[in-house]
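# Architecture and fold: a report
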Amino acid sequence: MHKTLLATLISSMLLTPNLYAAQTQPDTNIEVISIKGSRLDKAATATGLPLTLRETPQSVTIIDQEFIQSFSLNNVADLMFLTPGISAQKIETNRYFFSARGNPITNFQFDGVPVNYSSFFNDASTDTVIFDRVEVVRGATGLLTGAGEPSAAINLIRKRPKSSPGGYLSAKAGSWDSYRVEGDSSVDITADSDVQARFAAAYKKSNSFTDLAEDENLQVYGVVTARLGDNTLLTVGADHSDRDPKGSTWGALPLFYADGSLANDLPRSTTTAATWSSWKRHGTNVFSTVDHRFENDWELKFDIEHREDKMDGHLLFLYGSPDKTTGLGMGASPMIYQSSRKQDAARFFASGPFELFGREHQLTTGLLYSKQDVTADSYYTTDTLNVGNFFEWDGLITEPNYPSTPSTEKTEEIQKGAYIATQLNLHDQVMLLLGSRISQYKIDPGYEHNDVITPYAGLVYDITDSVSIYTSYTEIFQPQDAKDFNNKRLDPTTGNNIELGSKADFFDEKLTASIAVFKVQKENVAERDPNNKDPLPDGSFPMRAVDGTSNRGFEMELTGRPSEDWDLYFSYTYSESEKADGTAFSTHLPENLVRLSSLYHFNGALEDFTLGGNISWQSQIYVENTGPNGERSQQNSYFIANLMASYQFTDAAIVRLNIRNLFDEKYYSSIDFYDQGFFGEPSNVELSLSYNF
């Protein structure tokens, strides 16, 4: 399929850059980031340099407010399920994994400041009410993040005060008794607008298609900016989130019955939780930025970020393969898992132009520091829980007794880095990017690496004013949490990433597209140890290091306005991974991934109507040797279709309907976590009313 699609698209279109561009008439109840073309939009997520997307020698996608609001993407995970090149997995009722180019995504950024991603805490559930846009750079981003995977970096850009006061209120109601209210307001604190503020909040309460599961989420956010002079801006902000889910699952559902036959006939509502299962999460973050711009266009910026997260899980893990007739054969492992995380990050950088050999170039240099402290308390019990007939499981089981003293694990991670990067304009049509970073990484106890060099190189050649080609190279370094059967942490993953691509913009920048070919080579990659299957003391499974894994593929995007009323967003990704001996690797991720979204704005008598939709298609995924007799687990290819319709019935008010999983496709969102499977959500609807002021 991928060869045919590639040939068809190359023969039928010109190649242009990738971004979600908001070029339509905006809904009056939302703030719109207007992106008119690659030369007018800049993203520094890849290199730290203020480059246009055409000048960035990596694949970049920008997701803006119109896209987020139109399709009611209420949290980061919702976004990832529609983002080009990103494979998103919901593995339990309250946890998500993200991958790109065959590798897990470990790098999140908030306003460009790197933070550690963890599925245990709030990261994937962070509410989008606090963000203006999201920048996604696929491939290695080690220049700015240091340690990381050659997958992608997710840069979440928080809202700032608007140029003039205003805001909106919104109310939503949907399937499974779901209710949500949100608001956003920007105000001037002083009459001269030198001091401004913006506040946003969202509250949601809902049940779920999964039995016993409930969600109650609160997100609040505030930010203040103050001009300390003509060229100096101080920004101070904070956000707080409360997640209070009930009926939370730990692990998912059995993929097989005891006789080795598939268990995909289980109802999607099936749960492995108990009535007392819960997984509370709370997070508070504060940040501050001082930005000074000089008359010579140089900029100095200092960012600090402090994040605190807590979680309290009363969890039950059901394991095994039930008898197909009696439902017997499932075991139960309860525990209390409580953890806290503190993260501190600081970044200082300088960036600006310089002249050399009669041409202007760009230079950036910076220092970064991050520290993360994680404390985890695990309470285990010797009580035996009897599951009985799994087909009659309703969660009505008494919570066991736990000892008063937990098993405690403390981890401290410190990373220090210094980087420098430059954009050299060698010719009117040739731009060279060079950069390097030196890092120190320490995990206490017992893990330290110093003077790790991460190079970056890129070359961009403008074939015409509208079409460019590029190539880039970077190396990677990623400490691993994985441990071997002796409970010893594995050495870091190392490797390199090469990308070759083309970007362009045409028709007065109304239509854009891109294509990229990439290859990732890695060494010392962790995989499950088939010779040691018993869990380690922390509940994880023993891993072993595999040398010589690689991932290669290509991706393309087509984005823009084929007509004045039609917005189109299309992407296709082909990605395959293999070990040194040529056998398949990361088969739990799809080789083929298609994302298609569209918004059509009617005119004439129907000018207040907008229709839109998404189609997400992925190819087959599988995992070998997961059944009771060594059977292979598998999810066949599938597609999910969503629809939306909106009506602007006054200048200030809009009503919107979203229908997700229109054809009620039954599928597994994941099949590899603990050799179990978690179903994707069935068909559901949401109706919203928003008012702008």
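Keep in mind that this is a model prediction, so the values were computed, not measured.

The helix and strand tally for the protein chain stands at four helices and 40 strands. Taking 26 Å as the expected radius of gyration for a compact globule of 693 residues, we find that the protein chain reaches 25 Å, a close match to that expectation. For the protein chain, the proportion of its 693 residues judged to be buried stands at 57%. When contacts within the protein chain are restricted to residue pairs at least 6 apart in sequence, long-range pairs at least 24 apart make up 67% of them. Of the roughly 28100 Å² of accessible surface on the protein chain, a fraction of 54% belongs to carbon and sulfur atoms. Computing the positive centroid from 57 side-chain charges and the negative centroid from 92, the protein chain places the two 1 Å apart.

This part takes up the confidence of the model for the protein chain. In the predicted model, the protein chain carries a mean pLDDT of 90, and the fraction of residues at 70 or more is 94%. A low-confidence stretch, residues 1-40 (pLDDT under 50), is modelled with 134 contacts involving residues beyond four sequence positions or located in other chains.

Scanning all chains against the criterion turns up 28 aromatic pairs. Centroid distance Y257 to F391: 6.1 Å. Interplanar angle 70°. Geometry classified as edge-to-face. Residue Y257 is found in the loop between β16 (253-254) and β17 (278-293), and its partner F391 is found in the loop between β20 (359-380) and β21 (407-427); the two are separated by 134 residues along the sequence. Residues F609 and Y647 carry aromatic rings whose centres are separated by 4.7 Å and whose planes lie at 35° to one another, so their mutual orientation is tilted.

Reading across the sheet, the three strands line up as β4-β5-β6 and stay open at both edges, with antiparallel pairing between neighbours. Of all strands in the sheet, those with a lone pairing partner are β4 (87-90) and β6 (103-104), marking the two edges. Sheet topology note: the β4/strand β5 (residues 96-100) ladder contains four bridges and is antiparallel. The partner of Q89 across the bridge, within β5, is F97.

It is worth spelling out a negative patch on the surface at this point. The grouping of D192, D194, D230, E295, D297, E355 and E360 at the surface amounts to a negative patch. Along the chain, D230 turns up in the loop between β14 (214-229) and β15 (232-243). Overall, D230 belongs to the exposed group, its relative accessible area being 77%.

Another point: the sheet that holds strand β39 (residues 676-679). Sheet architecture is open: three strands sit in the order β16-β39-β38, paired in antiparallel fashion. Only two strands of the sheet have a single partner each, and these edge strands are β16 and β38 (668-670). Where β38 meets β39, two bridges bridge the pair, whose relative direction is antiparallel. In the sheet register, Y668 faces β39, and the bridge partner there is F679.

M80, I86, F98, I105, F108, I154 and L156 are the most contacted members of the largest nonpolar core, which has 38 residues in total. Only α2 (65-70), α3 (76-80), β5, β7 (107-110), β9 (131-138), β10 (152-158), β13 (195-207) and β14 provide two or more residues apiece to this core. The biggest single contributor to this core is α3, with four residues. Counting 25 residues, the second-largest nonpolar core is a separate cluster that includes L255, W276, Y402 and F679.

A large share of β10 lies buried, amounting to seven of its seven residues. Residues A152, I154, L156 and R158 of β10 are buried on one face, and the alternating residues A153, N155 and I157, pointing to the opposite face, are buried as well. Pairing between β7 and β10: four bridges, direction parallel. Bridging across to β10, N107 finds its partner in A153. Where β9 lies against β10, seven bridges are found, and the strand directions are antiparallel. Bridge pairing in β10 links F131 to R158.

With that settled, the discussion passes to the environment of A418. By the element assignment, A418 lies in strand β21. In this structure the C-alpha to C-alpha distance between A418 and Y369, which are 49 residues apart in sequence, comes to 8.9 Å. Those residues in contact with A418, other than ones at most four positions away along the chain, are G366, L367, S436, R437 and I438.

It is worth spelling out the pattern of salt bridges at this point. Evaluated as defined, the whole model comprises 40 salt bridges. Here R198 makes a salt bridge to D184, at a shortest N to O gap of 2.8 Å. In this pair, R198 is assigned in strand β13 and D184 in strand β12 (residues 178-188), connecting sequence segments 14 residues apart. In this structure D184 comes out as buried when scored by relative accessible area, which is 4%. In this structure, K579 and E527 form a salt bridge, with 3.3 Å as the shortest nitrogen-oxygen distance. With a gap of 52 residues between them, K579 in the loop between β30 (566-578) and β31 (584-585) and E527 in strand β27 (residues 525-528) connect regions that are remote in the sequence. Owing to a relative accessible area of 22%, K579 belongs among the partly exposed residues under this scheme. Shared partners join several salt bridges into a network, and the residues in it are R101, R138, E499, E555 and E557.

Definitions and cut-offs
Residues numbered from 1 in each chain as written. Predicted model: local features only at pLDDT ≥ 70, side-chain atom pairs only at ≥ 80, totals over all residues. Heavy atoms only, no water. Helix = DSSP H or I, 4+ residues; strand = E, 2+ residues; numbered from the N terminus. Rg over C-alpha atoms; globule rule 2.2 N^0.38 Å. Buried < 20%, exposed > 50% of the residue type's maximum accessible area, 1.4 Å probe, protein only. Contact = heavy atoms within 4.5 Å. Areas by Shrake-Rupley, 256 points an atom, 1.4 Å probe, with all protein chains shown as cover. Lys, Arg positive; Asp, Glu negative; His and termini not counted. Charge placed at Lys NZ, Arg CZ, Asp CG, Glu CD. pLDDT = per-residue confidence, 0-100. Phe/Tyr/Trp six-rings, centres within 6.5 Å; stacked < 30°, edge-to-face > 60°. Pairing = 2+ DSSP bridges. Patch = residues over 30% accessible without salt bridge, like charges linked within 9 Å, V, L, I, M, F, W, Y side chains within 5 Å. Salt bridge = Lys/Arg side-chain N within 4 Å of Asp/Glu carboxyl O. Core = buried A, V, L, I, M, F, W, Y, C linked by side-chain atoms within 4.5 Å.

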